[in-house]
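Notes for the structure review
What follows is each chain in one-letter form.
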Amino acid sequence: MANEIWTEKYRPIHFSELVGQNEIVKRVESLTNSLNIPHLMFAGPAGTGKSTLALVIVKQLFKESWKENYLELNASDERGINIVREKVKNFARTKSLGNIPFKVIFLDEADALTPEAQQALRRTMENYSSTCRFILSCNYSSKIISPIQSRCAIFRFKLLEKKDIEKIIRSIGEKEKITIKDDSIEILYEGSEGDCRRAINILQATASISPSITGDLVSTMISNAKPR
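What you see is a predicted model, and the numbers here were worked out from it, not measured in a lab.

Definitions and limits used
- Numbers given to residues run from 1 along each chain, matching the order in which its sequence is written.
- In keeping with the model being predicted, local features are shown solely for residues with a pLDDT of at least 70 and side-chain atom pairs are shown and tallied solely at 80 or more, while totals for entire chains, interfaces and linings include all residues.
- Excluding hydrogens and water, the side-chain figures rest on all heavy atoms present in the structure.
- Here a helix means four or more residues in a row that DSSP labels H or I, a strand means two or more in a row labelled E, and each is numbered from the N terminus.
- Residue contacts are defined here by distance: any two heavy atoms, one from each residue, within 4.5 Å place the two residues in contact.
- Each reported salt bridge corresponds to a side-chain nitrogen of Lys or Arg within 4 Å of a carboxyl oxygen of Asp or Glu.
- Only protein chains enter the accessibility calculation, which uses a 1.4 Å probe. A residue is then buried if its area is under 20% of the maximum for its type, exposed if over 50%, and partly exposed in between.
- Working convention: axes come from line fits to C-alpha atoms, limited for helices to the stretch in contact. Angles between N-to-C directions cover 0 to 180 degrees.
- Every angle not falling under 35 degrees, over 145, or within 65 to 115 is termed oblique; those three ranges are roughly parallel, roughly antiparallel and roughly perpendicular.
- Here is the rule for handedness: rotate from the far helix to the near one, and if that takes an anticlockwise turn smaller than a right angle the crossing is left-handed, while a clockwise turn gives right-handed.
- Ten residues, namely Ala, Val, Leu, Ile, Met, Phe, Trp, Tyr, Cys and Pro, are considered nonpolar, four, namely Asp, Glu, Lys and Arg, are considered charged, and the remaining ones, Gly among them, are considered polar.
- Stacked, edge-to-face and tilted labels apply to pairs of Phe, Tyr and Trp rings (six-membered ring for Trp) whose centres lie within 6.5 Å, assigned for plane angles under 30 degrees, over 60, and everything in between, in that order.
- We count a charge as sitting over a ring when the NZ of a lysine or the CZ of an arginine lies within 6 Å of the ring centre and within 35 degrees of the ring normal.
- Two strands pair under a simple rule: DSSP has to find at least two bridges between them.
- For a helix, the expected span equals 1.5 Å multiplied by the number of residues minus one.

1. Observations regarding the side chain of Ser 192
Residue position: Ser 192 is located in helix 8 (residues 182-192). Residues in contact with Ser 192, not counting those within four places in the same chain, are Ile 165, Arg 198, Ala 199 and Ile 202.

In structure tokens form, the structure reads like this:
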């Protein structure tokens, strides 16, 4: 049970499996089904489904060949202009494999890119629009320069509601054969603050102690995880 990270094990791979952000999912699914997407910007808090939705898009577009047509980079790890000049440009300029005429680059935490790197990214988006689409994920769209924002369809993600978190948690509980007491749902939701990734991580950590998830056990786990 503890060998695999549950956030990856239970990450949705189809639009129908996504929970929350219903309007965004509906609009993005429609774009994807047309087999053509604009550059996209997903803005909002962590753990609200931005990275997951990007993966669902590429898997739907490219099917079995999605890995060959997809590049994912975390801009907070690689913030400088060289990452745009080298990795991004080299991937963007090559032809896609299969029937879709473009590849997809996902830049996570794009608001961490330096202003110089953003200017270079803007030029890359202009020069390779026929062979590449960008999906940018950020916490704050205001930190992205206007020329990039204007080239993207922007979708604003919200923290998940309690009912959404509960649906995901209970689904995982059923598959992992753990018992989730009603009082633990409220504490899990409060502890996660609407961040689905955090809620699942707390659940997995608690389940490693006991297959019966109680409110007291979750509270203890959250308290122990807080920095001292």
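2. Structural notes on the pattern of salt bridges
Scanning the model with the defined rule gives 11 salt bridges in all. Ionic pairing is found between Lys 163 and Glu 161, a salt bridge with its closest N-O pair at 3.8 Å. Residue classification places Glu 161 among the partly exposed positions, given a relative accessible area of 45%. A network of salt bridges, in which partner residues are shared, links Arg 122, Glu 126 and Arg 151.

3. A word on the packing of helix 4 (residues 81-92) against helix 5 (residues 115-127)
Look at helix 4 against helix 5: their axes get within 8 Å of each other, and the N-to-C directions meet at 20°. By the criterion of interaxial angle, the relationship of helix 4 to helix 5 is roughly parallel. Between helix 4 and helix 5 lies a crossing of right-handed hand. Each of Ile 81, Val 84, Val 88, Lys 89 and Ala 92 in helix 4 lies in contact with helix 5, whose residues at this interface are Glu 116, Ala 117, Ala 120, Leu 121 and Thr 124. Class assignment for the residues of the contact of helix 4 with helix 5 results in 7 nonpolar, 1 polar and 2 charged.

4. A short note on the packing of aromatic side chains
Under the definition given, this model contains 4 aromatic pairs. Both rings, one in Phe 62 and one in Phe 102, keep their centres 6.5 Å apart while their planes meet at 75°; by these two values the pair is edge-to-face. Taken together, the residues span a long stretch of sequence, with Phe 62 in helix 3 (residues 50-62) and Phe 102 in the loop between helix 4 and strand 3 (103-108) at a distance of 40 residues. Classification of Phe 102 as buried rests on a relative accessible area of 1%. With a centroid separation of 6.0 Å and 50° between ring planes, the pair formed by Trp 66 and Tyr 70 is classed as tilted. Comparing Trp 66 with Tyr 70, the two get one shared label, buried. Through a chain of ring-to-ring contacts, three or more aromatic side chains come together here, namely Phe 42, Phe 155 and Phe 157. Taking NZ or CZ as reference, Lys 59 lies 4.9 Å from the ring centre of Trp 66, over its face. A cation sits over an aromatic face here: Arg 133 above Phe 102, 4.4 Å from the ring centre.

5. Remarks on unusual backbone geometry
Phi at Gln 21 is positive, roughly 55°, even though this residue is not glycine. Tracing the backbone through its elements, the reader meets Gln 21 in the loop between helix 1 (6-9) and helix 2 (22-33). Judged by relative accessible area, which is 15%, Gln 21 ranks as buried.

6. Quick look at the packing of helix 2 against helix 3
A pair of packed helices can be characterised by two numbers: the angle between their axes and the separation between those axes. With their axes 10 Å apart at the nearest point, helix 2 and helix 3 run at an angle of 25° to one another. With respect to each other, helix 2 and helix 3 are oriented roughly parallel. In this structure, the crossing between helix 2 and helix 3 has a hand that is right-handed. In this structure, helix 2 contributes Ile 24, Val 28, Thr 32 and Asn 33 to the contact, and helix 3 contributes Leu 53, Ile 57, Gln 60 and Leu 61. Residues that form the contact of helix 2 with helix 3 fall into these classes: 5 nonpolar, 3 polar and no charged.

7. With respect to the pairing of strand 4 (residues 132-138)
Taking burial as the measure, the 7 residues of strand 4 include 7 buried ones, the bulk of the element. Of the two faces of strand 4, the one carrying Cys 132, Phe 134, Leu 136 and Cys 138 and the one carrying Arg 133, Ile 135 and Ser 137 are both buried. Bridging between strand 1 (residues 39-43) and strand 4 involves 4 bridges; their strand directions are parallel. Each residue of the ladder has a partner; that of Leu 40, found in strand 4, is Ile 135. Pairing geometry for strand 3 and strand 4, over 5 bridges, is parallel. Of the residues in strand 4, the one forming a bridge with Val 104 is Arg 133.

8. A word on helix 7 (residues 162-176)
Taking 1.5 Å of rise per residue, 15 residues should cover 21 Å, and helix 7 covers 21 Å from first to last C-alpha, within 8% of that figure. For helix 7, the elements touching its buried residues are helix 1, strand 6 (179-180), helix 8 and helix 9 (196-207). The positive-phi residue at the C-terminal boundary of helix 7 is Lys 177, with phi of around 60°.

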